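The residues making up each chain are set out below.
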Amino acid sequence: HHLHTIIEEVMEEYKELSGRVIGSVQTHRTAKADYLILTAGHVFQQVKNTVDQLRTQDKMKIGCLNLSLLRPFPEKELAAALKGAKVVLVLEGYSGQEQGDAPLFKEVKAALSGISKKAPKLLSTLYGHSFSSESLKVLVKNRIQKKEAIDRIFLDVDFTRDSSALPQHELLLQSIRRAYPDIS
């Protein structure tokens, strides 16, 4: 727990030097949000813009969070930030190597396991090299808002290539072609 103290001191010093506040969990429009999108990294700005559009155009009660610290994992801060949400979409990059739960999803799930029965429903969402804000908006409207029971969602991931230079991705493509022979 000594590390937490050091990290807090460094973040406070950064604030004094730069005037910018950075915490282990950054939030955007999370107050009274029913739906939250959780990220860790460079996609946060794009997600914030999408959230703003969904709030303005579709009047959705949605917000987003970004984890700027993964080790030690900010369990308490995250639990506090997710309080009151019904659904949390955990958005992380897809490497093609995931077996079982994706890494960030697994951390969030473990962190929330000690929370009361009011813990939000978690949805794992993996995106390809990039994703469009339009795809994210469609995903939110069709999957989260309608409460469809799909635990893992792929967003803008190209599964339909003919081949791949990556051996594990090539195996995945072969298994998809076997399972879905009508996909061209």
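Rules behind the numbers
- Within any chain, residue numbers begin from 1 and follow the written order of that chain's sequence.
- Local features in this predicted model are restricted to residues whose pLDDT is 70 or higher, and side-chain atom pairs enter the listing and the counts only when it is 80 or higher, whereas totals over whole chains, interfaces and linings include all residues.
- Derived side-chain values reflect all non-hydrogen atoms in the structure, with water molecules and hydrogen atoms excluded from consideration.
- What makes a patch is a set of residues exposed beyond 30% relative accessible area and free of salt bridges, joined within 9 Å when like-charged and within 5 Å when nonpolar (Val, Leu, Ile, Met, Phe, Trp, Tyr).
- Per-residue and other accessible areas were derived by the Shrake-Rupley procedure at a 1.4 Å probe size, with only the shown protein chains allowed to occlude residues.
- A pair is scored as a salt bridge if a Lys or Arg side-chain nitrogen falls within 4 Å of a carboxyl oxygen belonging to Asp or Glu.
- Working convention for charge: Lys and Arg count positive, Asp and Glu count negative, and His plus the chain ends are omitted.
- For this purpose, a charge sits on NZ of Lys, CZ of Arg, CG of Asp or CD of Glu.
- Only DSSP runs of H or I covering at least 4 residues are called helices, and only runs of E covering at least 2 are called strands; the numbering of each starts at the N terminus.
- Contacts between residues were defined by any pair of non-hydrogen atoms, one from each residue, lying within 4.5 Å.
- Multiply 1.5 Å by the residue count of a helix minus one, and that product is the helix's expected span.
- With a 1.4 Å probe rolled over the protein chains alone, any residue whose accessible area is under 20% of its type maximum counts as buried; one over 50% counts as exposed, and the rest are partly exposed.
- Think of the arc as the fan of directions from the helix axis to the C-beta atoms.
- A pair of strands is labelled paired if DSSP reports no fewer than 2 bridges between them.

Before going further, it helps to examine a negative patch on the surface. The grouping of Glu8, Glu9, Glu12, Glu13, Glu16 and Glu77 at the surface amounts to a negative patch. With respect to the helices and strands, Glu8 occurs in helix α1 (residues 2–18).

Note that Val87 resides in strand β4 (residues 87–93). Val87 sits 34 residues away from Lys121 along the chain, and the two C-alpha atoms are 4.7 Å apart. Once you skip the residues sitting within four places of it in the chain, Val87 turns out to touch Asp34, Tyr35, Leu36, Pro120, Lys121, Leu123 and Ile144.

The end-to-end C-alpha distance of helix α6 (residues 167–179), which contains 13 residues, comes to 19 Å, matching closely the 18 Å that a straight helix rising 1.5 Å per residue would cover. Those residues of α6 not exposed but buried are His169, Glu170, Leu173 and Ile176. Mapping the buried residues of α6 onto a view down its axis gives an arc of 120 degrees, with all of them on the same face. Within α6, the exposed residues directed more than 90 degrees away from the buried face are Pro167, Leu171, Arg178 and Ala179.

The subject of this paragraph is the pairing of strand β5 (residues 121–127). On a regular strand, each side chain points to the face opposite its neighbour's, so the side chains alternate between the two faces of the sheet. Across the 7 residues that make up β5, a large majority, 6, are buried. Two elements, β4 and β5, share 7 bridges in a ladder whose sense is parallel. For Val90, the partnering residue across the bridge sits in β5 and is Ser124. Both β5 and strand β6 (residues 152–155) contribute to a ladder of 4 bridges, which runs parallel. Each bridged residue has a counterpart across the sheet, and for Thr125 the counterpart in β6 is Ile153.

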